[in-house]
Structures are given as C-alpha cells and as structure tokens.
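Descriptive analysis of the structure
Residues per chain are reported as follows:
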Amino acid sequence: MASETLTPNPGTMMRAVVQAGFGDDGTYEVQSVPKPGLKDGEVLVQVKAVSINKGDWHSRVGEPGMVKMAVDVKAKPIPGHDYAGVVVEVGPGVEGVEAGDEVFGMCDRGAFAEFVAARETDVTLTLTLTLTLTLTPIPTLTLTRRS
C-alpha cells in the first residue's frame, strides 16, 4: 500500500484499513467505509494511535491455519485490536465514560480505522493522551505475557 496523507472524512463515512483476504502483499487497502453505529453500552472512539502486534500479523497472513477458521474477514474486514483515542460519542446506557474522555482499549477487530465502536467495559480512562499513546500496546502485550 502506498503511503498517503489522509485527511479527516466528515459525516457518516470514515477511512479504514480493510482486509480483503489472507497473505502478505495486497491484503490491506485504505478505503472509505461507514462509521460504526453504537449499541447499548458502547462508545465511539476517535482513534489517535494503534499498535500492531503478533495477533494482527497472524490475522493478516492466516497462519497458523486455525486463524483462517477463526477470523472472518468478510464479516469483520477492518483489522486491528489495540487502540488509543478520544471518546466522541456515548451510546445509551453508558455511565462511566463521557465524550472528551481519553481512553485506550482492545477490541475483537476494527481498530485500524478513524473510529472504533467499543463496549464501555473494554475501554480504560487515562490521565493524558500522551500517556495513552505510550500505553496503546499494553492490552494485547499483557494478555500475550500471560499465555
């Protein structure tokens, strides 16, 4: 994928990395996709940073073979697990997070985008965005260390 300068995409669309299949070259492409909607208990986070970890690599290349059975790139085409950013919208039933809060967290897939919808219970408040950007890789790294 060629390097390009991405400008904010206002409205109901956003830019995201989309995975078309498994492999090395040509499996990721930046596309304009609908911004995620919010369900009860979810927040919309404007992504400021992501980390790329071993799980993202496995999801991209489809190795080991069981990854191809576990990762449905058609149902969830946007890769990425760890993110940091700012809450821009809260869904119904959210009580502990507000718009403007700086957070980091982990999602099943979907972090390699301008926005990610996340369950309130899957985001962690942080003191400053600078600290958040430093902590972005922590969710998966912590789980990896345990296994």
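This text gives an overview of the structure that appears in the document. Since the model is a prediction, treat every value here as computed from it, not as a measurement.

**Topic: the pattern of salt bridges**
Under the definition given, this model contains two salt bridges. Aspartate 122 serves as the salt-bridge partner of arginine 119, at 2.7 Å between the closest nitrogen and oxygen. A relative accessible area of 26% places aspartate 122 in the partly exposed class.

**Some details on the packing of aromatic side chains**
Scanning the model with the defined rule gives zero aromatic pairs in all. Above the ring of phenylalanine 115, the side-chain terminus of lysine 35 is found at 4.4 Å from the ring centroid. Over the ring of tyrosine 28 we find arginine 60, and its NZ or CZ is 5.0 Å from the ring centre.

**Thoughts on the pairing of strand β3 (residues 42–51)**
Within β3, seven of the 10 residues are buried, which leaves it mostly tucked inside the rest of the structure. Direction of pairing for β3 relative to strand β6 (residues 115–119): antiparallel, over a ladder of five bridges. Looking across to β6, one finds that leucine 44 is bridged to alanine 117. Inspection of the sheet shows β3 paired to strand β4 (residues 82–90) by eight bridges, in the antiparallel sense. Bridged to valine 45 within β4 is valine 87.

The rules we used
Residues numbered from 1 in each chain as written. Predicted model: local features only at pLDDT ≥ 70, side-chain atom pairs only at ≥ 80, totals over all residues. Heavy atoms only, no water. Salt bridge = Lys/Arg side-chain N within 4 Å of Asp/Glu carboxyl O. Buried < 20%, exposed > 50% of the residue type's maximum accessible area, 1.4 Å probe, protein only. Phe/Tyr/Trp six-rings, centres within 6.5 Å; stacked < 30°, edge-to-face > 60°. Lys NZ or Arg CZ within 6 Å of the ring centre and 35° of its normal. Helix = DSSP H or I, 4+ residues; strand = E, 2+ residues; numbered from the N terminus. Pairing = 2+ DSSP bridges.

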